[in-house]
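Coordinate inspection notes
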Amino acid sequence: MQTGQQRKERIDRGIRIRSDGLYALMSWRELSYLTLPRLALIAGMLTLPLVLPGMYWQRVVSIACIYALLALSFDFLAHFVGLVCLGGAFFVGTGGYLAAILNTSFGLPPVMTIPLATVLGAALCTLLLLPCLPLRGVYFAIVSLMYPLFAMRVIEALNIFGGTDGILGIDSFSSRWTEQYAVIGATLLFLFGTRRLVNMDIGLVLRGVKDNDQAIRASGMNITRYKTLAVFIASAMGCMGGAFLVHIYMWSGISQFALDFSILPIAATVIGGSGTLAGAVIGCLILVPISELLRDFGTLRIVFYAVILMGFIVFRSEGLLVYGQRKYHQFERWTTRL
Amino acid sequence: MEILIYGTINSAALALYALGFAMVYGVSRLPNFAHGALYVLSGFMTWFFLNSLGLNYLLSVILAMLATGMIGALMYQFILIRIRGMEISEIMATYAMGLAILEGLRWGGFKGMTYTLPAFIAGSTTIFGVSVDYQRLLVVAIGGAVVGLLWLFTHYTRMGLSLRGMAQDERAALMLGIDSDRMALVAMAFGSSLAALAAICLLPLGNIVVEAGYNVLILAIAVCIVGGLGSWMGAVLAAFLIGFAQILTVVYLGAHYQMVVALLAIILTLIIRPSGLFGRQKELEERV
């Protein structure tokens, strides 16, 4: 038989249909079908610091989780609200500098500076981004890309916040275990928090803003209010990442506005699977260690992940997690075309 | 007087940076974020032809322009054609390409102060009591010539007219039998060659450094956005606006603020009037 006569069809697995909705509670098998992937991710992330050898790789996990927070914020804004923010570095820098100032000038401990920097930083970012919220598509993308560059040049030109040297002498965490579990805990919390959020009523409205904002407007809802809320949530994630970062490195400088923090999370989101949230986290857990392994090659690692990013965008735009989900939920078989 | 002369030179330089970007975006709605990388790449290619292969200066300039145009065309034909119309993928893919080129060059050892191109004509002259070297005057001359030739090309040749047709209304152009993909390919090749031309005119004024790629990209975007994305004459006028604004800040505030002006121009223009000062307002496409 010629291959032209056959086609592949995808069929949902029986257990997927059985475990849809309330019926999932009927048997252990169906319960575990639903919860196992989630529990595997949680358990995997919680045991990572225990199984990894040496402080170096534990530090890599912390950094990966910070990138994961950023990737979550990008994924949430881009695929659930329709605001493609290429300036994740702006959130990191704002959160980082706020935490650094709170710590060095006001003497607050990390327990206080991180939540404060998260909330204050998010408020500040939202306020600064407020004028460009009505913009759409490529216009918002370009303007958000310019924000961190602008902040960087302003700090350089005005020579404020320590200028090009940055702020030194920031407290570190009390032990590396608190550092690790604080970052991992925050990542998991925000991951499941945003997943929950986009499935609630407000998530529906936000997706409406993305797909057809005129319809939302016609329903008597204020688009700008919802966009502001979404930007606040996303920038809170980014600012928290930045605050963790300065306490881990005990240093805050203009390199926190660097393009790395804007590009790597986007690459991770594309690789992990756009619009899945968990994919963004998984993408970071893959990409950051790879980029660490390639550190010996200097700037070649940037070339490497730029090429990966390009390849995934052009040839495999669905990403790893969507692919995995399809294999988990469905099976494929060849059928004869009728 | 100094401000007037150096402002004009700076504006001509900005116009040269931006024309390639404006051309590609105007014709195919493709924001070419690899523009700065192509600029630097062509500078290094000219250097390579000149010093390693020992070719004639004019010959290596022409070769570098052709090669850059070729690279642009290949980028379009093999990668960008698959994601036409998906704005975000376009931005990210071109940006990733630019990043790969720039960081690849840096890894390849092309850094430091050793790479310079010779000026076309050495020496300097005095105009109204201000000393200007010939290369800078040449930049203004070439900038003017490029704008003039582009205007003639897009108004009086068949291909130029089809490019303009594409820029105005892609569907109508398709109905009139203009091959949209071929025209976009041509525009990408032309735009890349224009980046190469800018590099060849402007790089003799300093060293060839990888960092210039990022700055050129920002400046090109600034000019195009202030002038209105897709409007070529708007880009030229905006180049003068930003060019003089930059020189004025350098004179009255200090050189640190030069880049701040460009970035501020982008942010303010986008917030207040996203289609730029000279673009047609398309309210529904760009804002809610």
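Residues numbered from 1 in each chain as written. Chains lettered and ligands numbered in written order. Predicted model: local features only at pLDDT ≥ 70, side-chain atom pairs only at ≥ 80, totals over all residues.

What follows deals with the overall build of chain A. Within chain A, the secondary structure is distributed over 14 helices and four strands. For a compact globule of 338 residues, the expected C-alpha radius of gyration is about 20 Å, and chain A comes in at 22 Å, within 12% of that figure. Along the first, second and third principal axes, the C-alpha atoms of chain A reach 75 × 55 × 45 Å. The burial tally for chain A puts 44% of its 338 residues in the buried class. Within chain A, residue pairs in contact and separated by at least 24 positions form 76% of the contacts whose partners lie at least 6 positions apart. (Helix = DSSP H or I, 4+ residues; strand = E, 2+ residues; numbered from the N terminus. Rg over C-alpha atoms; globule rule 2.2 N^0.38 Å. Buried ≥ 20, exposed ≤ 12 C-beta atoms within 10 Å, placed from the backbone. Contact = placed C-beta atoms within 7 Å.)

Within chain B, the secondary structure is distributed over 12 helices and two strands. Going residue by residue from the N terminus, the α and β elements of chain B occur as α-α-α-α-β-β-α-α-α-α-α-α-α-α. For 288 residues, the compact-globule estimate of 2.2 N^0.38 gives 19 Å, and the C-alpha radius of gyration of chain B, at 19 Å, lies within 12% of that figure. Taking the principal axes of the C-alpha coordinates as reference, chain B spans close to 55 × 45 × 40 Å. Within chain B, the proportion of its 288 residues that are buried is 51%.

Next up on the list: the interface of chain A and chain B. Of the residues lining the interface, 34 residues belong to chain A; the matching set on chain B comes to 35 residues. Broken down by secondary-structure element, the contributors of at least two residues to the side of chain A that touches chain B are helix 6 (137-158) and helix 13 (300-315) of chain A. Of the residues in the side of chain A that touches chain B, the class split is 26 nonpolar, four polar and four charged. (Nonpolar A, V, L, I, M, F, W, Y, C, P; charged D, E, K, R; others polar.)

Here the focus is helix 6 of chain A. Residue and element names in this part refer to chain A. Between its terminal C-alpha atoms helix 6 stretches 32 Å, which fits the 32 Å expected from 22 residues at 1.5 Å a residue. Buried residues dominate helix 6, accounting for 17 of its 22 residues. Directly beyond the C-terminal end of helix 6, a positive phi value near 60° is found at N159. (Expected span 1.5 Å × (residues − 1).)

Helix length check: helix 4 (residues 87-107) of chain B, at 21 residues, gives a terminal C-alpha distance of 30 Å against a target of 30 Å (1.5 Å per residue), a fit within 8%. A positive phi of about 95° marks G109 of chain B, the residue just after helix 4 of chain B.

Attention now goes to the confidence of the model for chain B. All names here are of chain B. For chain B, per-residue confidence averages 82 on the pLDDT scale, and residues scoring 70 or more make up 93% of the total. Per-residue pLDDT, averaged within each element of chain B, yields its smallest value for helix 12 (residues 283-286) (54) and its largest for helix 3 (residues 57-78) (89). Two numbers describe this predicted complex: its pTM, 0.85, and its ipTM, 0.76. (pLDDT = per-residue confidence, 0-100.)

Glancing now at the packing of helix 5 (residues 134-156) of chain B against helix 8 (residues 180-202) of chain B. Residue and element names in this part refer to chain B. One way to put it is that helix 5 packs onto helix 8 with a least axis distance of 10 Å and a crossing angle of 160°. Considering the angle they form, helix 5 stands roughly antiparallel to helix 8. You can see that helix 5 and helix 8 cross each other, and the crossing is right-handed. Here helix 5 contributes L138, V139, I142 and V146 to the contact with helix 8, which in turn contributes L197, C201 and L202. In terms of residue class, the contact of helix 5 with helix 8 is built from seven nonpolar, no polar and no charged. (Axes fitted to C-alpha atoms, helices over the stretch in contact; angles between N-to-C directions. Parallel < 35°, antiparallel > 145°, perpendicular 65-115°, else oblique. Left-handed = near helix turned anticlockwise from the far one by under 90°.)

Bringing the pairing of strand 4 (residues 330-336) of chain A into the picture now. All names here are of chain A. Of all seven residues in strand 4, zero are buried, a share of ten percent or less. By the bridge criterion, seven bridges tie strand 1 (residues 6-12) to strand 4 in an arrangement that is antiparallel. Bridge pairing in strand 4 links E9 to R333. (Pairing = 2+ DSSP bridges.)

Residue and element names in this part refer to chain A. Even without being a glycine, M250 presents a positive backbone phi close to 55°. Checked against the element boundaries, M250 lands in the loop between helix 10 (223-249) and strand 3 (251-252). Classification of M250 by C-beta neighbours within 10 Å gives partly exposed; the count is 15. Positive phi values are uncommon outside glycine, yet L277 reaches one of about 65°.

Residue and element names in this part refer to chain A. Among the structural elements, D75 can be located in helix 3 (residues 54-81). D75 gets classed as buried once you count the C-beta atoms within 10 Å, which come to 28. Sequence separation between D75 and G273 is 198 residues; the distance between their C-alpha atoms is 9.3 Å.

The subject of this paragraph is the nonpolar core. Residues and elements named next belong to chain B. Of all hydrophobic cores here, the largest spans 203 residues; its most connected members are A18 and V223. Ranked by residues supplied to this core, first place goes to helix 8 with 17 residues. In contact with A18, not counting residues within four places along its chain, are A220, V223, C224, A235 and A239. (Core = buried A, V, L, I, M, F, W, Y, C linked by C-beta atoms within 7 Å.)

Position of A96 of chain B relative to the elements: it lies in helix 4. Each C-alpha atom of the pair A96 of chain B and F33 of chain B lies 8.3 Å from the other, and the pair is 63 residues apart in sequence. With residues up to four places along the chain from it excluded, the contact list for A96 of chain B reads A306, L309 and M310 of chain A.

In this section: the environment of A78 of chain A. Residues and elements named next belong to chain A. Looking at the element boundaries, A78 is found in helix 3. For the pair A78 and G162, spaced 84 residues apart in sequence, the C-alpha to C-alpha distance is 34 Å. Those residues in contact with A78, other than ones at most four positions away along the chain, are L83, V84 and C85.

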